[in-house]
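# Commentary on secondary and tertiary structure
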Amino acid sequence: MLDAAEHVFAERGYRGTTVASIAEAVNLPKANVLYYFKTKEGLYKEVINRLLVLWMQHMNEMSADQHPGEALPKYIVNKITQSRQHPNASRIFAAEVLHGAHYLREPLQNELRDQFEQTCDVFRAWQEKGWLDPIDPEHMLFMLWSSTQAYADHGLQISILMKKEQLSDDDFEKGIELVTHVILKGCGVKL
């Protein structure tokens, strides 16, 4: 049910989605959906919470003890793979932020901000060890997110410009290779 809801919310947005359309997508009566989630807002919040967990899990895998030459490439692979496997999650997140983050504001101010600050502290620790140039950790994360999530948020545009129905395994591998190269070189990762 959550997978179907994620798909419908990504396709139609919050306002354009009805509980009936989600029920239709899972071939259940509307009453069954409402039994579990009570309201469209409750269902949407559950979809948002699920995508936040997905988002933050890979940030949490980086630590000050890991070398950025290992941790950053792994993070980039995970984020681009995540964009490929869960493009709707990225699209819902982006649309929610673009529309004022009404349902995301609290998690953004709490869980995501805490994880964001922890990850920035990891980057600062790498800098103190001389493994990373003195770059701004916050803006580095923004750059990482925008470059990796582009494969979900702008996947259709990318496919059209590359004259393809959809991106291939090779396209994603090339994206991983380039983003990794640019990030490691741009941040002066010392191996």
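Right, let's walk through the structure included here. This is a predicted model, so every value here is computed, not measured.

A few words now on the pattern of salt bridges. Summed over all chains, the structure comprises nine salt bridges. Residues arginine 12 and glutamate 11 are paired through a salt bridge, measuring 3.8 Å at the closest nitrogen-oxygen approach. A relative accessible area of 44% places arginine 12 in the partly exposed class. Classification of glutamate 11 as exposed rests on a relative accessible area of 54%. Between aspartate 169 and arginine 84 there is a salt bridge, with its nearest N and O atoms 2.3 Å apart. With aspartate 169 in helix H10 (residues 169–186) and arginine 84 in helix H5 (residues 68–85), this pair connects stretches of sequence that are 85 residues apart.

Another aspect to go through is the packing of aromatic side chains. Summed over the entire model, instances satisfying the criterion amount to eleven aromatic pairs. Measuring from ring centre to ring centre gives 6.1 Å for phenylalanine 9 and tyrosine 14, while their planes differ by 15°; the resulting arrangement is stacked. Ring plane angle 55° and centroid distance 6.1 Å describe the contact between phenylalanine 142 and tryptophan 145, whose orientation is recorded as tilted. One end of the pair is phenylalanine 142 and the other is tryptophan 145, both in helix H8 (residues 137–153) and three residues apart, which spans about a single turn. Overall, phenylalanine 142 belongs to the partly exposed group, its relative accessible area being 40%. When its relative accessible area of 15% is taken as the criterion, tryptophan 145 is described as buried. Between lysine 38 and the ring centre of tyrosine 35, over which it is positioned, the NZ or CZ distance is 5.5 Å.

The rules behind the values
- Residues numbered from 1 in each chain as written.
- Predicted model: local features only at pLDDT ≥ 70, side-chain atom pairs only at ≥ 80, totals over all residues.
- Heavy atoms only, no water.
- Salt bridge = Lys/Arg side-chain N within 4 Å of Asp/Glu carboxyl O.
- Buried < 20%, exposed > 50% of the residue type's maximum accessible area, 1.4 Å probe, protein only.
- Helix = DSSP H or I, 4+ residues; strand = E, 2+ residues; numbered from the N terminus.
- Phe/Tyr/Trp six-rings, centres within 6.5 Å; stacked < 30°, edge-to-face > 60°.
- Lys NZ or Arg CZ within 6 Å of the ring centre and 35° of its normal.

That is the geometry; function is a separate question.
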